[in-house]
Amino acid sequence: QQQVKQSPQSLIVQKGGISIINCAYENTAFDYFPWYQQFPGKGPALLIAIRPDVSEKKEGRFTISFNKSAKQFSLHIMDSQPGDSATYFCAASKEETSGSRLTFGEGTQLTVNP
Amino acid sequence: DTAVSQTPKYLVTQMGNDKSIKCEQNLGHDTMYWYKQDSKKFLKIMFSYNNKELIINETVPNRFSPKSPDKAHLNLHINSLELGDSAVYFCASSSGPGWAFFGQGTRLTVV
């Protein structure tokens, strides 16, 4: 059972364009929604994250939009650059007393053409 | 300074062998994890330790045994390796709920 569903699987964008990746979750107990960026041969790196009491969070060119009632959230990359080409994972977790697991989406392979 | 370091980075071994992957973090985090990334890049948690105590043990074959000698180290030992164990294994650490700092990964290939 996939608790976090991510789309699209792959995305090709021209330089300067907007990249949009969508995720949907099932478990309403999730209370933290991070996005990770992974380059080939590297580990996933935390990019930006949001809690469900906020509808939008922006950090530079990266914005998370969150719709609690629809149980959906999305990542927008403005002015996409070739250096943004990577695999992006949405994730969800719930705060626990000690340690917490990340439940990942399936990943989106983003290619930004120059 | 590498925050979460794993060794080895690549591991090629034959079916039936036993192998270990080592992980160390210098971030002072209390919680460490092992995640598995399959050939389709899907990431799934395997284990979580908090201050050397096992917190999360997902449905993982008991051929996989984590060991945490101290809170800065979490090693993964795999017995009787099978072809299906081929994957990239990531160690991660965290000081707070919901996020984790990942290592570079160990690409395990079983032949």
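See above for the structure.
Below: a short report on this structure. (Residues numbered from 1 in each chain as written. Chains lettered and ligands numbered in written order. Predicted model: local features only at pLDDT ≥ 70, side-chain atom pairs only at ≥ 80, totals over all residues. Heavy atoms only, no water.)

Before going further, it helps to examine the overall build of chain A. For chain A, the helix and strand inventory stands at 0 helices and 11 strands. Mapped from its N terminus to its C terminus, chain A presents α and β elements in the order β-β-β-β-β-β-β-β-β-β-β. For 114 residues, the compact-globule estimate of 2.2 N^0.38 gives 13 Å, and the C-alpha radius of gyration of chain A, at 14 Å, lies within 12% of that figure. Counting only C-alpha atoms and orienting by the principal axes, one finds that chain A spans roughly 45 × 30 × 25 Å. A total of 114 residues make up chain A; the buried ones form 46% of that total. A total of about 5400 Å² of accessible surface is found on chain A, and carbon and sulfur atoms cover 48% of it. Across chain A, 11 positive and 10 negative side-chain charges occur, with their mean positions spaced 2 Å apart. (Helix = DSSP H or I, 4+ residues; strand = E, 2+ residues; numbered from the N terminus. Rg over C-alpha atoms; globule rule 2.2 N^0.38 Å. Buried < 20%, exposed > 50% of the residue type's maximum accessible area, 1.4 Å probe, protein only. Areas by Shrake-Rupley, 256 points an atom, 1.4 Å probe, with all protein chains shown as cover. Lys, Arg positive; Asp, Glu negative; His and termini not counted. Charge placed at Lys NZ, Arg CZ, Asp CG, Glu CD.)

What follows is about unusual backbone geometry. Note the cis peptide between Ser7 of chain A and Pro8 of chain A, where omega equals -5 degrees. By the secondary structure assignment, Pro8 of chain A is in the loop between strand E1 (4-7) and strand E2 (10-14). The omega torsion across Thr7 of chain B and Pro8 of chain B is -5 degrees, close enough to zero to call that bond cis. Here Pro8 of chain B is to be found in the loop between strand E1 (4-7) and strand E2 (10-13). Notably, Lys71 of chain A is not glycine yet its phi reads approximately 55 degrees, a positive angle. Assignment of secondary structure puts Lys71 of chain A in the loop between strand E7 (62-67) and strand E8 (72-77).

All names here are of chain A. Sheet architecture is open: 5 strands sit in the order E1-E3-E8-E7-E6, paired in antiparallel fashion. Looking at which strands have only one partner, the edges of the open sheet turn out to be E1 and strand E6 (56-59). Strand after strand, the sheet turns through a mean of 15 degrees between neighbouring axes, direction not considered. Relative to strand E3 (residues 19-25), E1 is paired through 4 bridges, and the arrangement is antiparallel. Looking at the pairing, Gln6 lines up with Cys23 of E3. (Pairing = 2+ DSSP bridges. Axes fitted to C-alpha atoms, helices over the stretch in contact; angles between N-to-C directions.)

This part takes up the packing of aromatic side chains. The full count for this structure, using the stated rule, is 17 aromatic pairs over all chains. Considering the side-chain rings of Phe104 of chain A and Tyr35 of chain B, the 5.8 Å spacing of their centres and the 85 degrees angle between planes classify their relative orientation as edge-to-face. Within this pair, whereas Phe104 of chain A is found in strand E10 (residues 103-104), its partner Tyr35 of chain B is found in strand E4 (residues 31-37), the two belonging to separate chains. Judged by relative accessible area, Phe104 of chain A falls into the buried class, the value being 1%. (Phe/Tyr/Trp six-rings, centres within 6.5 Å; stacked < 30°, edge-to-face > 60°.)

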